[in-house]
Each structure stands twice: as structure tokens, then as C-alpha cells.
Amino acid sequence: MHFEGTADIGAPRERVWAFVTDPEKVSRCGPDVQSVAVSDATHFKVVARAGVGPIRTTFTLDVVFTELRAPEHAAVRARGQAPGSAVEMTNTFELADAGPGRTTMRWASDVTVSGMIASVGARLMQGAADKLTQQVFACIKEQLEAPAAATR
Amino acid sequence: MAVEIGGIGHSVQRKEDARFIRGRGNYVDDVKLPGMVYLDIVRSPYAHARIVKIDTSKALAIPGVLAVITGKDLVPLKLEWMPTLMGDKQMVLPTDTVMYQAQEVAAVVATERYIAADGVAAVEVEYEPLPVVVDPIKALLPDAPVIREDRAQKNNQIWHWEAGDKAGTDKAFRESDVVVKQDIYIPRIVVASIETCGMVAQFDKIDGQLTVWMTTQAPHAIRTVIALVAGHLGLAEHKIRVISPDIGGGFGGKVPVYPGYVLTIGASVLTGLPVKWIEDRSENIQADSFARDYHITAELAAKKDGTMRALRVKTVADHGAFDAAANPSKFPAGLFGIVTGSYPFEKAFVEVDGVYTNKPPGGIAYRCSFRVTEAAFAIERLVDILALELKRDPADLRLQNFIPPQAFPFMSTLGWEYDSGNYAGALKLAMDKIGYAALRREQAEKRKRGELMGIGISSFTEIVGAGPSKHFDILGLKMFGSCEIRVHPTGKATVRLGVKSQGQGHETTFGQIVAEELGLPVADIEVEEGDTDTAPYGLGTYASRSTPVAGAATAVAARKIREKGKLIAAHLLEASPDDIEWKDYKYQVKGVPAKSKTMAEVAFAAYTNHPQGVEAGLEAVDYYDPPNLTFPFGSYICVVDIDKGTGEVKVRRFFAVDDCGTIINPMIVEGQIHGGLTMGLAPALFEEINYDKDGNIQGGTFMDYLLPTAMETPSWETAKTTTPSPHHPIGAKGVGESATVGAPAAIANAVVDALAHLGVRHIDIPITPWKVQRILKEKGVAE
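Values in this document were obtained by computation on a predicted structure and should not be read as measured data.

(A) Inspection of the sheet that holds strand β7 (residues 103-115) of chain A at higher detail. All names here are of chain A. Sheet architecture is open: 7 strands sit in the order β1-β7-β6-β5-β4-β3-β2, paired in antiparallel fashion. At either margin of the open sheet sits one strand with a lone partner, and together these are β1 (2-9) and β2 (33-38). Across the sheet, the axes of successive neighbouring strands diverge by a mean angle of 25°, strand direction being ignored. Strands β1, β3 (43-52) and β7 of the sheet are contacted by helix α4 (residues 122-145), whose axis makes an angle of about 20° with β1.

So, in C-alpha cells, the structure goes:
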């Protein structure tokens, strides 16, 4: 499944870059995140709950920044398992200045879901994944634009 | 008399129903042994992946989990692979790579069913995904990833099979006036038996005896396979007992050996405890062997006057990651050579390529005698397309071309000797019964009003009863039929067969054959099947073979008893055996009906007063090697109405005329036809298993995989003609699969007929409302 979108964020590019490449911060925008454990500068582990409709399960995701070109381009790959299901995700961000204190973030996300969730929830999955992805990027924008964000 | 004894031709009530309707059947999951533990299976979420690591520690830490078995544990036992019934091999558990979604990855053994499931969830497997091949046509391209790296042949082709005269066929095509060609896809479907697969295995470490209760259609073959697969571990065939208790539907899905069976036996050997494994519904739909999945390109050449001359068929068969179907060894594409159907083609050429894909094994004979459904669908669809091309009535075109009754036995151009048939008789009866001419008039009137009504015909010929030993074996085991009859001193009989009922009513019908031959009431005859310790060796029930082979063995064994009984009767009647005749279900002195002995009297004498020079007792065994296959046939006519708003196809009427030769029990035959028609309606309109590009099964639950219920099923109308098989001892041919084979084409032909005036020539099954509505929109007639 491929998703993409553009977000206009009311924050300067450096701050957006710092947020989206910080495992702790960016993970807060994941769905139902239960823990984040940073291994090194580019690798971290996230435990999150996700699913389709009533079929929900806990995924353990290995996340790695595969490309980092500050402050304009990042690619992150996440691969995870849950009993009977597996997910693989590649996300890219392109950041561009959009006037003073504003940043345009173009993002794209390729998601492959395998196993029970994909086969049992096939009819609902595209919609559910689309909604989830939109939520993640809306959350990033919201977090960065929140009044408190400047001081974080 | 025949009515009283319940012999051939009588609708004797099914003996087995006494327990089934009371809920007293005994299925594998009803078997409960003291100290029994439970096995559950970890399955792959990926369709193709390398296994990086399996961590069993968390599962083993759960109280009640006794063992976790992985592929690596099976390597020292040489059990990580097993042979399939098709000469391929299949993973029991993978050591490094999984090849389809839901493939077995590890097994958990625990004291409770639910603890085993918790253990499955706690096994952590790390995978590295590999490229997935879903489309069998792309799988044959030179750059396709090779799925089976374990093979010497580094591509995805499993085998190529062909039959017929290629050059002669090509020539006939060149010389013909009209050629029609159609791509036809027959989708992958699942048998969806009510009972899923399962096993209870009990290994006795002291005497080395293994007893298994399992859902199998072929218990003896399974016993031999276990001995072959695990012989090196000390499991010897005489110490293995396979019991197939009541089976809740087989339909071919319970012929293969699934890894779960091997794991259950292994777990019992490992723990010394009885182990039970029962699939859940999702596992049954997602991981067990599939049927159909044939990508067919079919061409038919004819003269202008409609005479069919030649047939050319090319097929790609998706067999999944392991070739684990159960076709007879010499026929990897089964009996697809029956594709010339009910017509005397001068020439034909058929070729099939079996292909590996990242899907569970496919190719099982789902309620058909090895690819006969695919063949019947292709030819009957093609005949309708020719009728459309020539602007001929499809009934008329068939009647013009049928093999005539006087031509039997008929040798088909692809080498099958059809034993008997009267195809025009069956079609004319169906046309008469349904009122064909009136329906065509009604259709013409409705078409003027813009209403969509279609009439579809299917005049199919089957090839069943595998089979003669010169052609038919599985793993080298010849496909004979077997029966043992013991008549006890009080005139009651026990009959044991090497086939296995899964709902067909064998306990009744085979009893009726014996009743007819021996003159004993059917109530006094007990039929037993499915226990390898007692039943004679046999290859089981599938492909409509029970009545053609085991039914024949039953009649022949009974006649052996009758021959011996004649000596005893002669002794009792103080006459020469030459003066004794079998008449009115009794031994009589010729011309003196008053001097007679019943079989019960003879049986008593066989144990109490047998003549000198004749062995005591009254028993017989027969291993029947059929001289030929049998060729049941029929003509079906279906009437559909199409809703121009929703695209829904409504089967308004369906008339089935079947000819299965001599009918043993008309009620059971009618039941078989009703069930078969419903199972033919299902793939025509509803059922299909799809995969996404990543190899995820779509429709892996009954939420998405639509089985017809009473709501979707029309009221079937049936009639019969009777053309006995000339070579079968009682003239029977087998009927269990006729309707599944014949119905899909009749329905598809009816739908296409309803839309033909709009330029529609073909619609792939299942013909769902969505597909029809899309066509209606394209043609601008949707409402």
C-alpha cells in the first residue's frame, strides 16, 4: 500500500528535522505506542498496538533510519512482528522552507502487511492503514505547532 | 422379496443416519484418551521469507507447555521433509525458508488446547522477506525468482504433460472453417468440509505400536506412507494402525498428508503421550490443499455446418509451493484428457504445465475425478461459444455432434475408451422436462422488453473409478478395490472394504449390493470401513471410485460366497451342485422350487454341517482390478434471471438429468446430486480464493469466502436415464461427483446466454454481482 501527502507545518525546518529524526519524539505519534528503546543514533525498537477493526495485536518493530540528509531528507524503515502477522514500512520525508518559520513536509509511506491481519482484515485494511498514516503525520504537525513545543 | 431384503434399486434408509441425526457420530475430535496432550502450530505470516531466528524460550516458560518443535529438531530424525503423493517432497517444518503464508513453522505441545495456543503466540520468529511469486504465468518467466531452490531444476516449472496428436490437430485447425478460442480461468477454491482436519496419535513406547485416529479418505495409503516416512525411526507397517472414524466431509481435501499429521505422530513418539491436533477453521481454509486454479486457453475447430473437428487446450496449473495433490502417478494433470467431452473429435491436443508459486499446495480433486471438472467446464463453455459464433441453438449444436449411442464402446482421440453412453437421450429428456422450447420463446419475448433471462446447457461426460492397474497407481500402489465378506452361522454378515465413507452412505449401499447378491436382508449386514487392522488393503474413497471399484469387489466377493454356498446347498438338498440354481434369492433344485435353501440356512450349515471335501466357514475376499474406468454422464439445463440493478444472478430453475448406470439406492443418488449441484453452484457464482501481490490470502475466512446456504440455493429438479456400465459386475458407474462436474458450465452458460445479445462471450467464474454489474454498465443497460 502506498500513501503520500503534504503537510504545511508552522515551525522552522531545523526544528521539524530535529523532531522527525528523534526516535523518542517521533514515536509518540505512532499508534498506541507502549515503549521506545533507542539502540544507537539510527536504530530503535518500538512496541505498539495496531490492527483492523476488532483484530488488534501488539507489534514489536525494529526501526532504522536508512537515509539522513539534514535538514531536508530522511528515510526510515520499520519492520515488525506480531503473532501470525508481520508489517514492513518505509517512510520518507522531504522538508522545504515555506516562508519564515514555516516548513513544507512531503511524506510518503509504503506499507506491506502480511499474515492474519492482512488476510482476515483484507477488505478493511486499505482504509484502516490510510487513516492510521494520516493520523501519524497530523500528529507530527500538531506536536510541532503546539505552544509548548517551542520550549521542548 | 427384493423390497424386503433391501437389494439394489431400493431407497433403503441410510443406516448411518441413526447415529448422525442423534449427534452420536464419532469424529476424530470426539476421541479423548487418558493423559492426552495437545498440539498447535506456529504459521508463517509471510508468503516467502528466510527464517533468521526462532526463539522458543518464552513459549517454553509458559506453565503447561511441554515442548516446542522446530525444523532444526527434525533434522537429526530426517523428518524435516516428507515425500508427497505426487513424487515431490514437502516440508514438514522449514529449517531456513518458508514458501507460503500459513505454512507450518513450529509446533507447540501443551497440556491444554488453550495453553498450546498461548505457546504458539509466544514463539518469536524473525523473518527476512523474500520476493513473492503469486502469478503462475509470471512464475514461468525466465527472470522469476526460483521458489524451490532445493530442486536440481532451477525454474518454477514442476512438470509438463501432454496428450494427443499435435501435428494432426494443427492440421485439422488449418483445414476447418471456424475456430473459436477462449481464455478461461477456473479459480482456486477450498473444499470447506464441515469437519476440519485433525489427528489423535498414540505411540506405545514399550511395544512400538502406533495408533492414529485421523481425518483421512485413504487410511491404508496413509499407513504405508507413515511406514515409508518414519520406517527408519522404527515405525513398522504391521505396528501401525490407522483408524479413520466418522468423517465430516472429505471432497479430496482429506487425501493429502499434511505436516500437522506428521508433527502429531512425532510429538507422541517424543513425549510418549497421546497427542491431539485439530485444525481451526482459519487454518483449514488458509493452509490446507486447494483445488482447481487452472489457467486454460481452449480452441475448437469446426465445419461451417457445426460439425466439431478438433480441440486444442493449453493450461497453466498453479500447484503452489509443493506438488502435494494426489493424482495417479502417470497423470500429473489428472484425467484432464476427458476434455473432449461428449463429442467425437477427430483430433485433439492437450498440454498442461504444473507450476510452483508461493501458495499452499493445490491441485486436489475437489469432488471430481482428478481435473474432470476443469475439463468439463472448458469443453461445455467452448461448445456454447461455438454455438454463438455459428448463430446456432446450443442444444441443437450438441445434438448434432454427440457421440451416438451405437458408437460405444467409443475410443476417444485422446485414448480413453468410453464404456457406454446415450448423450442425446439425456439432453432430450432434460429439454422435455424443463420445457426448453417454451423457455426459448419466453426469453425472446423478455429480450424485447429489455429483461435479461438466460438458458444454459451442460452435457458433460465424466471418467471415474480409478482404476485399472495397468494405468493407475499412487506411489506405486495399484488402485484396485477390495472387499471381504464373512457370513456368520446365524445368517448375518460383516462386510469390510478398503474404501472410506465421508458421508456417501457406504454402510447402506454396499450392504444393499450384498443383500442383492446373497438374499440376506440389508439390516443383517454390517459394513465396516476405515480401520487398517480389520479392513482389506485399499486406496480409499475419492474420485467417485468407491462404487466402480469397491462396489465391484463387493459383488464379486458375494458371488464367490454364492458359489461356495451352492456346494453346501447341494449337500443339504441331496442334489448335485450342477442341479442347483440361484433363483428368487434362494438356492433351488432346478425345476423344483419347493426344494430350496436360503443363504441363512446355508450359512448355518457352513459351520455346523459342511460337506466333506469343502472347507468350513462362509467367507470371501476380492481384490478387484477394473478392466476399464466408468463414464457417467448427464445433461443439465439452467435458467437464470439477471437483476439489471444489482447484477445479481438468480437461478430460477435447474434441471439435472444424470446417468450413473445401475442405481443402488435412488434416494442416496438423489441426495448426492442435490449436494453436488450445490457444490457446483458455489464456484459458479460465489467461491474464489485470491491472493494479493504479497501472497496474502484474501478471503481466508467464511466472512469473505461465500459458501451457498439455503438462501442462495435453488430448488433442484432431477431425473435419470439408465445406461449400465457393460464391464461393471452390477453395471454401476459412480455418481458422487457428477453434479459438481456438470453444474458450473450450465450456470455460466446461462449467464452468458442472458447477455449474449449485448456481445458478451465469456465471464470467468465466480460470476459475482459485481462482475455482472460492471458488464451491464459497460453495455449501458444497468438500471
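(B) Expanded view of the interface of chain A and chain B. Taken together, the contact pairs 15 residues of chain A with 16 residues of chain B. Ranked by the residues each element gives to the side of chain A that touches chain B, the list is headed by helix α3 (residues 116-120) of chain A, at 4 residues.

(C) Representation of the packing of helix α11 (residues 372-389) of chain B against helix α19 (residues 738-755) of chain B within the structure. Residues and elements named next belong to chain B. Where α11 meets α19, the axes come as close as 8 Å, and the angle between the chain directions of the two elements is 30°. Of the possible angle classes, the one that applies to α11 and α19 is roughly parallel. α19 is crossed by α11, and the crossing has right-handed handedness. Where α11 abuts α19, its residues Val372, Thr373, Ala376, Phe377, Glu380, Arg381 and Asp384 lie against Thr740, Val741, Gly742, Pro744, Ala745, Ala748, Asn749 and Val752. Considering only residue class, the contact of α11 with α19 consists of 8 nonpolar, 4 polar and 3 charged.

(D) Up close: the pairing of strand β31 (residues 649-659) of chain B. Residue and element names in this part refer to chain B. The buried fraction of β31 is high, at 8 of 11 residues. Pairing analysis gives 10 bridges linking strand β30 (residues 633-642) to β31, with the strands arranged antiparallel. Across the sheet, serine 635 pairs through a bridge with valine 657, a residue of β31. Examined bridge by bridge, β31 and strand β34 (residues 717-720) share 4 bridges and lie parallel to one another. In the sheet register, alanine 656 faces β34, and the bridge partner there is threonine 718.

(E) Representation of the pairing of strand β25 (residues 525-529) of chain B. Residue and element names in this part refer to chain B. Residues Ile525, Val527 and Glu529 of β25 are buried on one face, while the alternating residues Glu526 and Glu528, pointing to the opposite face, are not. In this sheet, β25 lies alongside strand β24 (residues 493-497) in parallel orientation, the contact comprising 5 bridges. Within β25, the residue paired with alanine 493 across the bridge is isoleucine 525. Each parallel crossover has a hand, and for β24 linked through helix α15 (residues 506-518) to β25 it is right-handed.

(F) Structural context of the domain arrangement of chain B. According to the domain assignment, chain B contains domain 1 (2-24 + 481-624), domain 2 (31-130 + 197-278) and domain 3 (291-406 + 420-466 + 628-778). Each side of the interface is counted separately: domain 1 of chain B has 14 residues, and domain 2 of chain B has 17 residues.

Scoring rules and cut-offs
- Residues numbered from 1 in each chain as written.
- Chains lettered and ligands numbered in written order.
- Predicted model: local features only at pLDDT ≥ 70, side-chain atom pairs only at ≥ 80, totals over all residues.
- Pairing = 2+ DSSP bridges.
- Helix = DSSP H or I, 4+ residues; strand = E, 2+ residues; numbered from the N terminus.
- Axes fitted to C-alpha atoms, helices over the stretch in contact; angles between N-to-C directions.
- Contact = placed C-beta atoms within 7 Å.
- Parallel < 35°, antiparallel > 145°, perpendicular 65-115°, else oblique.
- Left-handed = near helix turned anticlockwise from the far one by under 90°.
- Nonpolar A, V, L, I, M, F, W, Y, C, P; charged D, E, K, R; others polar.
- Buried ≥ 20, exposed ≤ 12 C-beta atoms within 10 Å, placed from the backbone.
- Right-handed = clockwise from strand over helix to strand, strands pointing away.
- Domains from an automatic or database assignment.

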